[in-house]
Number of protein chains: 2
Amino acid sequence: MASLTGIIEKHIEELLERANEESVFLSRKDLAERFGCVPSQINYVIRSRFTPERGYIVESQRGGHGYIRVIRLCMDMPEARANHIEELVGDSVNEQDIRRILANLQRRKLITARERLLIEVAVRFQEEIGRDLLDLSPYKRDSLHAELLKRLLRSLVLG
Amino acid sequence: MASLTGIIEKHIEELLERANEESVFLSRKDLAERFGCVPSQINYVIRSRFTPERGYIVESQRGGHGYIRVIRLCMDMPEARANHIEELVGDSVNEQDIRRILANLQRRKLITARERLLIEVAVRFQEEIGRDLLDLSPYKRDSLHAELLKRLLRSLVLG
DNA sequence: TTATTATTGACGAATATTGACCTTAAGCTT
DNA sequence: AAGCTTAAGGTCAATATTCGTCAATAATAA
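Residues numbered from 1 in each chain as written. Chains lettered and ligands numbered in written order. Predicted model: local features only at pLDDT ≥ 70, side-chain atom pairs only at ≥ 80, totals over all residues. Heavy atoms only, no water.

A.B. asks: How should the overall build of chain A be read in this particular structure?
C.D. replies: Each helix and strand counted, chain A has seven helices and three strands in total. Along the longest, intermediate and shortest principal axes, the C-alpha atoms of chain A span 50 × 35 × 30 Å. Within chain A, the proportion of its 159 residues that are buried is 43%. Long-range pairs, those at least 24 residues apart, make up 62% of the contacts in chain A with a sequence separation of at least 6. As presented, chain A carries roughly 8800 Å² of accessible surface, and 47% of it is formed by carbon and sulfur atoms. (Helix = DSSP H or I, 4+ residues; strand = E, 2+ residues; numbered from the N terminus. Buried < 20%, exposed > 50% of the residue type's maximum accessible area, 1.4 Å probe, protein only. Contact = heavy atoms within 4.5 Å. Areas by Shrake-Rupley, 256 points an atom, 1.4 Å probe, with all protein chains shown as cover.)

A.B. asks: I would appreciate a short explanation of the protein's contact with DNA strand C in the present structure.
C.D. replies: In the vicinity of DNA strand C lie 27 residues, with A:Thr5, A:Tyr44, A:Arg49, B:Tyr44 and B:Arg49 positioned nearest. Within 4 Å of the protein, atoms of DNA strand C come from sugar and phosphate in 66% of cases. Between a base oxygen of DNA strand C and a side-chain N or O atom of B:Ser40, the distance comes to 2.7 Å. Within the contact set of DNA strand C, a phosphate oxygen lies 2.4 Å away from a side-chain nitrogen or oxygen of B:Tyr44. (Near = heavy atom within 4 Å. Polar contact = N/O pair within 3.5 Å; in protein donor to acceptor, adjacent residues only side chain to side chain.)

A.B. asks: I would appreciate a short explanation of the domain arrangement of chain A in the present structure.
C.D. replies: In many reports, interface size means the accessible area that the parts give up when they come together. Its domain assignment divides chain A into domain 1 (4-72) and domain 2 (79-157). With centres defined by C-alpha atoms, the gap from domain 1 of chain A to domain 2 of chain A works out at 30 Å. (Domains from an automatic or database assignment.)

A.B. asks: Teacher, can you tell me more about the side chain of B:Glu115 here?
C.D. replies: Tracing the chain through its elements places B:Glu115 in helix α6 (residues 113-133). Take B:Glu115: its relative accessible area is 2%, and that puts it in the buried class. Here the side chain of B:Glu115 touches A:Arg114 through a polar contact of 2.8 Å, side chain to side chain. Setting aside residues up to four positions removed in sequence, B:Glu115 forms contacts with A:Arg114, A:Glu115, A:Leu118, B:Leu110 and B:Leu156.

A.B. asks: What am I meant to see in the packing of helix α5 (residues 95-107) of chain A against helix α6 (residues 113-133) of chain A here?
C.D. replies: In helix packing, the relevant descriptors are the interaxial angle and the interaxial distance, both defined with respect to the helix axes. Residue and element names in this part refer to chain A. For the pair α5 and α6, the least separation of the axes is 10 Å and the interaxial angle reads 170 degrees. Judged by the inter-axis angle, α5 sits roughly antiparallel to α6. Counting all contacts with α5, which are made through Glu95, Ile98, Arg99, Leu102, Ala103 and Gln106, the residues of α6 involved are Ala113, Arg116, Ile119, Glu120, Val123, Arg124 and Glu127. Its residues placed into classes, the contact of α5 with α6 shows six nonpolar, one polar and six charged. (Axes fitted to C-alpha atoms, helices over the stretch in contact; angles between N-to-C directions. Parallel < 35°, antiparallel > 145°, perpendicular 65-115°, else oblique. Nonpolar A, V, L, I, M, F, W, Y, C, P; charged D, E, K, R; others polar.)

A.B. asks: What is the right way to look at the protein's contact with DNA strand D in this model?
C.D. replies: Among the 28 residues in the neighbourhood of DNA strand D, the closest are listed as A:Arg28, A:Asn43, A:Gly63, B:Asn43 and B:Ser60. At the protein interface, 62% of the atoms of DNA strand D within 4 Å belong to sugar or phosphate. Here a base oxygen of DNA strand D sits 3.3 Å away from a polar atom, N or O, in the main chain of A:Gly64. One of the side-chain nitrogen or oxygen atoms of B:Asn43 is found 2.7 Å away from a phosphate oxygen of DNA strand D. Counting only elements with at least two residues in the surface near DNA strand D, the list comes to α2 (28-34), α3 (39-49), β2 (56-61) and β3 (67-72) of chain A together with α2 (28-34), α3 (39-49), β2 (56-61) and β3 (67-72) of chain B.

Structural data, given as structure tokens:
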């Protein structure tokens, strides 16, 4: 993995580590100069590597004093939990399973009541759309549930 | 964040804090002198930072004894917050607007970073499904985003 | 070979700063 | 009371500085 993208990705991760902060402010122009690439390469790295699904939030501002800010959440979650989630959820879950899983996670204090609420609302909305608007089969809907649930939980649990 | 605008913004926020009042009266001329800038810079700070979207309203008066008054809205009633959400989101929002709204809500401590992350992931998933799997039009997708976002935020904010 | 991922560059959009010119209100002066 | 003066604040356009998007192309993986 000696791709430019990989190198820049590592660099940003290192900045996050080294600063021991929750976030870093980057200058797109400076980064591009430093790594001898076009500025839009930085956008590519951000878009492909520092996604919400991987536990990052990115803010940016154009114009004078512009910046790209990368925020990293959940810095210290054991990897074991990630695998656990895959197992737990599998490829298909119905809403009852989901509620059971969420109740469990909340009881173990891995998610808050509000986070659980968000996840339930998101899943229910998806169910509603899939059923009423798109006429998807029950199996298809449960597959989508599984995928959504995994993404949501991974974003919280992985760093 | 060493921009003039940022510095002035912080100063005004601090005045609000320190006064522990709901509002502060500013003198545009004095502020401009203090920070060594043209008076219209103050207008820019007000227009771009102390917006209703961020929970402020501003009154002003010209002429002798003129002033700029910055009022911080406190939205402690669930009712008020809910209405605010409706307005903010409307019937259609693109992902860029969503990110702005979420950043503002987090700044105002109405949601946490993790909650923001969950919402971003849910919206992105919906976008992905709508685009790649269901081939929905951009407008339809933005409508669905608005509906999803409103439901998610209402679930949090009504509590 | 085909599909995915990475790289590049042209063009566009947003933000910050400044200054010239406009509008409004209060207090005098007549 | 009307008009003038002075002291605010408002608007708008020009400019500079960043970042973002999109599509074409190249490289790599399946």
